[in-house]
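Residues per chain are reported as follows:
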Protein chains: 2
Amino acid sequence: MSPRLFLNLLENNWGNLASSDTLWPHRKLKTNADRLCGELYFMNGADALIKALADAGVDVCFANPGTSEMQLVAAIDKEPRMRAILGLFEGVVTGAADGYGRMLDKPALTLLHLGPGFGNGSANLHNARRARSPIINMIGEHATYHRQYDAPLTADIEGFAKPVSHWVGLSASPESLAQTGLDALEVALSYPGKVASFIAPADHAWTEIDAAAVPSTTASTPAPAVVHDDTVAEAANALKTGNTAVLFLGGMALREEALFQAGRIQARTGVRLITETFCARHQRGAGRVSTERLPYFAEQAIAALEGTDQFIIVGSKPPVSFFAYPDKPSVLVPETATTILLADPRTDALDALTRLADALDAPAEPARLQTRVLHKLEPGDINMVELGKVVANRLPADAIVSDEGATNGFGAFMYTNTAEPHDWLMLTGGSIGQGLPLAVGAATACPDRKVIALQADGSAMYTLQALWTMAREALDITVVLLNNRSYAILNIEMERVGVAESSTKARSLLDLSNPDLDWVKLAEGMGVAAEQVVSVEQFDDAMGKALATPGPYLIEVILPGYESA
Amino acid sequence: MSPRLFLNLLENNWGNLASSDTLWPHRKLKTNADRLCGELYFMNGADALIKALADAGVDVCFANPGTSEMQLVAAIDKEPRMRAILGLFEGVVTGAADGYGRMLDKPALTLLHLGPGFGNGSANLHNARRARSPIINMIGEHATYHRQYDAPLTADIEGFAKPVSHWVGLSASPESLAQTGLDALEVALSYPGKVASFIAPADHAWTEIDAAAVPSTTASTPAPAVVHDDTVAEAANALKTGNTAVLFLGGMALREEALFQAGRIQARTGVRLITETFCARHQRGAGRVSTERLPYFAEQAIAALEGTDQFIIVGSKPPVSFFAYPDKPSVLVPETATTILLADPRTDALDALTRLADALDAPAEPARLQTRVLHKLEPGDINMVELGKVVANRLPADAIVSDEGATNGFGAFMYTNTAEPHDWLMLTGGSIGQGLPLAVGAATACPDRKVIALQADGSAMYTLQALWTMAREALDITVVLLNNRSYAILNIEMERVGVAESSTKARSLLDLSNPDLDWVKLAEGMGVAAEQVVSVEQFDDAMGKALATPGPYLIEVILPGYESA
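Quick caveat: nothing in here was measured; it's all calculated off a predicted structure.

Draft legend 1. A look at the overall build of chain A. Scanning chain A for helices and strands turns up 23 helices and 20 strands. In terms of overall dimensions, chain A is globule-like: its C-alpha atoms have a radius of gyration of 26 Å, near the 24 Å expected for 565 residues. By principal-axis analysis of the C-alpha atoms, chain A measures approximately 85 × 60 × 45 Å. Looking at chain A residue by residue over its 565 residues, the buried ones come to 64%.

Right, here's the structure in full:
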């Protein structure tokens, strides 16, 4: 049905209405000729904004627009350098921007519909803020003069944006909208990345401005902080004297080159290399420096760090327990250890590690780089261990893994340490529902690399709409959907917080059965081909097929469910 | 796999760890005998909170908990009066609480996981705030002493909550947690309802307190404001003198008894009765007073109100354009009209209308109550009009309609004016993704009434996880899924804001095809039986079957897609 027909139908039923010609005054004010002619001399605020961002190299917009963003959509439409990708829920949009930013170290643009639209995207922006990913959020807003009337969608957009943004900007005029966008870009590019949000009122977008007023500048990239020589010397000294020293690595220290330098330091001093529990992007596998991972549960982390006397942090901050538990400590590093913050997350990690290695007269190369290992499979019902082996054996070189596998993802993480070289992306902020959107963004950023989304069922449900975008954009993603029909981690946590005698009612809040989710149908319902596997052999075959075929594919792996201890 | 087995597996692979016995110190500290004995004299903060809320009549908790809420889950588990309903996404949880609150005029409890979990629920809380629904949000938080460490899920929860809450409370101690919950309840019960959120730190939940410290009070229900006699007299006078007067009705003025009084006023004065465009809960159909609905598009609304000289508002506020458009007005009431605010949304609407009717010496009854009309169907491909007739013909008495039908829902709204009596619930805050969760809440609140969710495809995708809760709880909901494979309203709006020449790229951001969504598979994937219909006859049959069968059922109605004018 055409909009004209639709409105006529409304009128015929509602009555008392003037001709529907009044609904398109713009058609009368502007003929196509007027418009074409006008475009030689004028553009509106939206056009200027999108042009300025495209000039500055921003070339992807993940979008979920509404009426107040139609002029921004039109401007994106006119700008051939800006790719537009629709998400059917804002959490997909923001999670995709996170994945894109992690892989390219430059921001994608998001397009979000006022405060509540931003709210839907806020959980994955929380994760992105924790990952320190570069992102620009472009948030539509009512026309400035319309706000006073408190229309239904009016909300405190700044209030929505602040808890998950490093910076929130508000356009002051049609002429300054483009500059506001460039300001956001500059913030987003702060090493290693920031979440920058700006508010674009509809009238600033639609008002025509003088093309000469459009900023011609590109945004400058702020330089990262650099570690002081004294701190390098202090760390070098600590490593020389420390009996049991740890280099605690996170953020940009987990890129291949930085890890290479950490490996040089290890070759010289025997220091342990331990990574954050949840890393934004960890370059690992064959040919790279191997690391330990700090365990998730506080008791295990404390045990892992026991006896450490020198704790040197690069690209991260002191590790703490993910949650608090009754009568258990929050801090994981032994009280007796000396902690040295060599480089916080905003300080150049590669530079810091290189200078530390040089200060130690470390050898030119690590003592050992990881080599590839193929694992022998045990046929039969699949479990976390065999799943991990299959993923590790099958992982193609340069693959990207979006890991939201939760409890059943650990096996794959462990075994891929000796797989082909790859990038491993994790849930940085603890707000589940990141994995599938992150895969969308990574696949958009790196169309020549295979993406594997290692995805737990409970977490997948938060943003399952990402599957549709995978299908529409034909993204090269293999989703390994780990279906254990429960929030397994919560069953474990339930006991850990001291609640051991819960009943059926409490358990019902932690399990995903009754009814079981059928991920093959859910995937096919959104246009993604899928199959279910229950055995190691089936999974191995399915992985082989999926990885050999371009485009999205979902493998639902039925895993053992939760049983009480 | 048991949690113990899982952790052993982790340890075997991670190495260097102490015995996993350290993971459950509580098991050592407390034997079951200790616990049982202790429970005679002590309870923890969570137990006290849930008991106090149950004592005060709160008996449903829509929940999506995480680790920091395990003690709250355990407390709910122990309280037999509190029903627990799991949503697999927080937008389902908050939207369900909205539907529950609208139907029962008392709040359900939600259980949400820290700031980002609240963020996922914020869009539907925006809608609930606009609907003035009573809701209590119980938001888990890290233990107070743990916040300083900035663990990954740490966030500004108050910042998340404020934009969509009328009130945000923070527990000050384990002993005061229960009172904080009761404070929230009292706020939520403010006529007609408020969104009250409170933050429950994990240590306040798990710390044992003296049972004698638990508040024994129930929350008091604040009385609504009452209209002043002078205002009633002013309105009566305006209606006596006005040539073309309008009673503009919203909020609690749309309940059957209030509309009855409005009908008395109309019988006396001939005043037009016009409702808000989007009503929280409108009691309509046979035996009730018929009203006009203010059109959505500003030009149509202005035309509908043209010539009005007295504009009297009850239970609402002056209507404004939903969005602003270039060169179009925001205000809909003619400048020449006199506006009288008889009762704002927080003032007792039934009382105001009754006193106004009495002041006018209105007859005891309206001149006319709506009678039921059966509509003759035109067989063939289905469209908005025939769909409306089928819904109207088939609607059972006392049905509840959750209307997020968007463009294709208008037909059903119009025809059901003469259907069996029913409650019609609408999208109050403009943030799409309300409809399915709202149906969950309404069906939970009113298990003996049939719920029909009239649901557009684009909107449904935001919170499709609601289907799973419908299946798990066997809720008596018929979902009429209106699949036109586009954000049809945005295609219309695109032209209305003056963008008539958009290309494939812009259109791609507004359509939901490529790939088409298969709602039968999506529903079945979440355990809801479903079928697809394309003709009027098929839809009529499917509705008959669905309404005759208890439990959830989804009918995917394939409607004409969008075509450019």
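Draft legend 2. Quick look at helix H12 (residues 256-269) of chain B. All names here are of chain B. For H12, with 14 residues, the first-to-last C-alpha span of 20 Å sits near the 20 Å given by 1.5 Å per residue. With 10 of its 14 residues buried, H12 lies for the most part within the structure. Of all the positions in H12, only Ala258, Leu259, Phe260, Gln261, Ala262, Gly263, Arg264, Ile265, Gln266 and Thr269 are classed as buried. Along its buried surface, H12 packs onto helix H11 (229-241), strand S9 (245-249), strand S10 (272-275), strand S11 (282-284) and helix H14 (349-359). Residue Gly270 follows H12 closely and has a positive phi angle near 75°.

Draft legend 3. View of helix H15 (residues 384-394) of chain A. The element H15(A) is largely enclosed, with a buried count of 11 among its 11 residues. Met384(A), Val385(A), Glu386(A), Leu387(A), Gly388(A), Lys389(A), Val390(A), Val391(A), Ala392(A), Asn393(A) and Arg394(A) are the residues of H15(A) that are buried.

Draft legend 4. View of the packing of H11(B) against H14(B). Residues and elements named next belong to chain B. Contact pair H11 / H14: the axes reach a minimum separation of 9 Å and the direction vectors enclose 55°. Here H14 runs oblique to H11, going by the angle between their axes. The element H11 and its partner H14 pack so that their crossing is right-handed. Across the interface between the two elements, Val232, Ala233, Ala235 and Ala236 of H11 pack against Arg355, Leu356 and Ala359 of H14. Here the residues of the contact of H11 with H14 sort into six nonpolar, no polar and one charged.

Draft legend 5. Fine view of the sheet that holds strand S20 (residues 553-558) of chain B. Residue and element names in this part refer to chain B. Taken together, seven strands build an open sheet; the order of strands is S11-S16-S15-S17-S18-S20-S19 and the sheet is mixed. With partners counted over all chains shown, the strands left at the sheet margins are S11 and strand S19 (530-533), one partner each. Each strand of the sheet is rotated relative to its neighbour by a mean of 20°, with strand direction disregarded. For strand S17 (residues 451-456) and strand S18 (residues 477-483), the ladder comprises six bridges, and the chain directions are parallel. Residue pairing in the sheet places Val451 in a bridge with Ile477 of S18. On the sheet, helix H17 (residues 435-445) packs against strand S15 (399-404), strand S16 (422-426), S17 and S18 and is oriented at approximately 175° with respect to S17.

Draft legend 6. A look at the sheet that holds strand S10 (residues 272-275) of chain A. All names here are of chain A. Taking strand neighbours across the sheet as the criterion, the five strands line up as S12-S10-S9-S13-S14 in an open arrangement whose pairing is parallel. Each edge of the sheet is formed by a strand with only one pairing partner; in this case those strands are strand S12 (292-293) and strand S14 (338-343). Note: S10 against S12, two bridges, orientation parallel. Each residue of the ladder has a partner; that of Ile274, found in S12, is Glu292. This element, helix H11 (residues 229-241), spans strand S9 (245-249), strand S13 (310-314) and S14 of the sheet and lies at about 135° to S14.

Draft legend 7. The arrangement of the nonpolar core in detail. Counting residues in each nonpolar core, the largest one holds 404 residues, and the members touching the most others are Ile555(A) and Ile555(B). With sequence-adjacent residues up to four places away left out, Ile555(B) is seen in contact with Thr478(B), Val479(B), Val480(B), Leu481(B), Glu531(B), Val533(B), Phe539(B), Ala542(B), Met543(B) and Ala546(B).

Draft legend 8. Seen up close, the pairing of strand S3 (residues 83-86) of chain B. All names here are of chain B. By the bridge criterion, four bridges tie strand S2 (residues 60-63) to S3 in an arrangement that is parallel. Its bridge partner being in S3, Ala63 is matched across the sheet by Leu86. On the question of chirality, the crossover connecting S2 to the parallel S3 by way of helix H5 (residues 70-78) is right-handed.

Draft legend 9. Spotlight on the environment of Glu90(B). All names here are of chain B. Examined against the element boundaries, Glu90 turns out to sit in helix H6 (residues 90-104). With 32 C-beta atoms counted inside 10 Å, the residue Glu90 sits in the buried group. Through-space distance from the C-alpha of Glu90 to that of Leu112 is 7.1 Å; in sequence the pair is 22 residues apart.

Draft legend 10. Molecular detail of the pairing of strand S5 (residues 135-141) of chain B. Residue and element names in this part refer to chain B. Counting buried residues along S5, seven of its seven residues qualify, which places the element largely inside the surrounding structure. A two-sided burial pattern is seen for S5, the buried positions comprising Ile135, Asn137, Ile139 and Glu141 on one face and Ile136, Met138 and Gly140 on the other. As a crossover connection, the stretch from strand S4 (residues 108-112) through helix H7 (residues 114-131) into S5 is right-handed. Here seven bridges tie S5 to strand S7 (residues 195-201), and the two strands are oriented parallel to one another. Looking at S7, one finds that Glu141 is bridged to Pro201.

Draft legend 11. Just the confidence of the model for chain A, in detail. Residues at a pLDDT of 70 or more form 91% of chain A, whose mean pLDDT is 91. Both scores are given for the predicted complex: the pTM is 0.94, the ipTM 0.93.

Draft legend 12. Structural view of unusual backbone geometry. All names here are of chain B. In this model, Tyr191 is joined to Pro192 through a cis peptide bond whose omega is -10°. Residue position: Pro192 is located in the loop between helix H9 (177-188) and S7. With a phi angle near 50°, Asp361 is a residue other than glycine that sits in the positive phi range. Along the chain, Asp361 falls in the loop between H14 and helix H15 (384-394).

Draft legend 13. Seen up close, the packing of helix H6 (residues 90-104) of chain A against helix H7 (residues 114-131) of chain A. Residue and element names in this part refer to chain A. Orientation of H6 relative to H7, taken along the N-to-C sense of each, is 25°, at an axis distance of 7 Å. When the interaxial angle is binned, H6 and H7 end up roughly parallel. When you trace H6 past H7, the crossing you get is right-handed. Along its contact with H6, which presents Glu90, Gly91, Val93, Thr94, Gly95, Asp98 and Arg102, the element H7 presents Gly117, Asn120, Gly121, Ala123, Asn124, Leu125, Asn127, Ala128 and Ala131.

Draft legend 14. Spatial organisation of the environment of Gly242(B). Residues and elements named next belong to chain B. Considering the arrangement of structural elements, one finds Gly242 in the loop between H11 and S9. Judged by the 20 C-beta atoms lying within 10 Å of it, Gly242 falls in the buried class. Linking Gly242 and Ala357, residues 115 residues apart in sequence, is a C-alpha distance of 16 Å. With residues near it in sequence (within four places) discarded, Gly242 still touches Asp309 and Gln310.

Reading the values: the criteria
Residues numbered from 1 in each chain as written. Chains lettered and ligands numbered in written order. Predicted model: local features only at pLDDT ≥ 70, side-chain atom pairs only at ≥ 80, totals over all residues. Helix = DSSP H or I, 4+ residues; strand = E, 2+ residues; numbered from the N terminus. Rg over C-alpha atoms; globule rule 2.2 N^0.38 Å. Buried ≥ 20, exposed ≤ 12 C-beta atoms within 10 Å, placed from the backbone. Expected span 1.5 Å × (residues − 1). Contact = placed C-beta atoms within 7 Å. Axes fitted to C-alpha atoms, helices over the stretch in contact; angles between N-to-C directions. Parallel < 35°, antiparallel > 145°, perpendicular 65-115°, else oblique. Left-handed = near helix turned anticlockwise from the far one by under 90°. Nonpolar A, V, L, I, M, F, W, Y, C, P; charged D, E, K, R; others polar. Pairing = 2+ DSSP bridges. Core = buried A, V, L, I, M, F, W, Y, C linked by C-beta atoms within 7 Å. Right-handed = clockwise from strand over helix to strand, strands pointing away. pLDDT = per-residue confidence, 0-100.

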